[in-house]
Amino acid sequence: TRKESSAASDVYKRQERTLSIIKPDGVSRGLIGDVIKHIEGRGLKIVAMKMLHLTQAQARGFYAVHRERPFFEGLTTFMSSGPAVVMVLEGDNAIARWRELMGATDYRKAAEGTIRREFATDIEKNVVHGSDAPETAAFEIGYFFNRFEILA
Ligand code: GDP
């Protein structure tokens, strides 16, 4: 029946997930709590989290799409310069909502009230990362977490 099939589709409906990183500048400046306050305050659910110190090779793999860009060496050196916090966020439209909360890549162009506008100091040292599309989110989440580490 229609009722049963709609109940069944609810079972399979999963909210969107995105990868979030508090970059080494955010961790070293003591901004972990501030970033998490923004995330939880906007109703995004943290379903996985860990702290790690990337090697430059791991940072290069993560940012492989940018390997031809002039800032690639600087970016991967920065991303492997100290501990970072990686998280999986879940919610309706989580990818776009997290990017909106982060603000524009260049903090000088970021909207008032966004994390980058409030905390970033540089176009590169911009405190946070967020996936930009469902395919990137799937790659980035899989880069750091296996299925048992994501608590739905
Ligand atoms: P995002 O999705 O807003 O993080 O931006 P991008 O995917 O375009 O770039 C990835 C990261 O590379 C940014 O978050 C910055 O840390 C860094 N980045 C981007 N553009 C520049 C740039 O023009 N110069 C430098 N030094 N770093 C940049």
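See the structure above.
Keep in mind that this is a model prediction, so the values were computed, not measured.

Draft legend 1. Up close: the pattern of salt bridges. Applying the stated criterion across every chain, the model contains 7 salt bridges. Here Glu149 and Lys50 are joined by a salt bridge, their closest N and O atoms 3.3 Å apart. In this pair, Glu149 sits in the segment after α8 (134-144) while Lys50 sits in strand β2 (residues 45-52), placing the two residues 99 residues apart along the sequence. The exposure class assigned to Glu149 is partly exposed, which follows from its relative accessible area of 32%. The exposure class of Lys50 is partly exposed, given its relative accessible area of 25%. A salt bridge links Arg117 to Glu112; the shortest N-O distance between them is 3.0 Å. Among the charged side chains, a network of salt bridges with common partners joins Asp106, Arg108 and Lys109.

Draft legend 2. Structural context of the site of the ligand. Taken together, Lys23, Tyr63, His66, Phe71, Leu75, Arg99, Thr105, Arg116, Ile123, Glu124 and Asn126 make up all the residues around the ligand. Measuring from an oxygen atom of the ligand, one finds a side-chain N or O atom of Arg99 at 3.1 Å. A distance of 2.8 Å separates an oxygen atom of the ligand from a polar backbone atom of Glu124. A total of 550 Å² of accessible area belongs to the ligand in isolation, and the protein chains cover 79% of it. According to the grid-proximity analysis, the pocket containing the ligand is the largest pocket. Of the residues contributing to the shell around the ligand, the split by class is 4 nonpolar, 3 polar and 4 charged.

Draft legend 3. Highlighting the packing of aromatic side chains. Overall, the coordinates contain 5 aromatic pairs when judged by the stated rule. Centre to centre, the rings of Tyr143 and Phe144 are 5.3 Å apart; their planes meet at 80°, and the pair counts as edge-to-face. Owing to a relative accessible area of 30%, Tyr143 belongs among the partly exposed residues under this scheme. Aromatic ring contacts, followed pair by pair, group Phe62, Tyr63, Phe139, Tyr143 and Phe144 into a single cluster. The positively charged end of Lys125 is found above the aromatic ring belonging to Phe78, 5.2 Å away from the centroid.

Thresholds, definitions, all that
- Residues numbered from 1 in each chain as written.
- Predicted model: local features only at pLDDT ≥ 70, side-chain atom pairs only at ≥ 80, totals over all residues.
- Heavy atoms only, no water.
- Salt bridge = Lys/Arg side-chain N within 4 Å of Asp/Glu carboxyl O.
- Helix = DSSP H or I, 4+ residues; strand = E, 2+ residues; numbered from the N terminus.
- Buried < 20%, exposed > 50% of the residue type's maximum accessible area, 1.4 Å probe, protein only.
- Near = heavy atom within 4 Å.
- Polar contact = N/O pair within 3.5 Å; in protein donor to acceptor, adjacent residues only side chain to side chain.
- Areas by Shrake-Rupley, 256 points an atom, 1.4 Å probe, with all protein chains shown as cover.
- 1 Å grid on protein atoms, 1.4 Å probe; cavity = no way out; pocket = protein on both sides within 12 Å on 5 of 7 lines; lining within 4 Å.
- Sits in = over half its atoms within 2 Å of the grid points.
- Nonpolar A, V, L, I, M, F, W, Y, C, P; charged D, E, K, R; others polar.
- Phe/Tyr/Trp six-rings, centres within 6.5 Å; stacked < 30°, edge-to-face > 60°.
- Lys NZ or Arg CZ within 6 Å of the ring centre and 35° of its normal.

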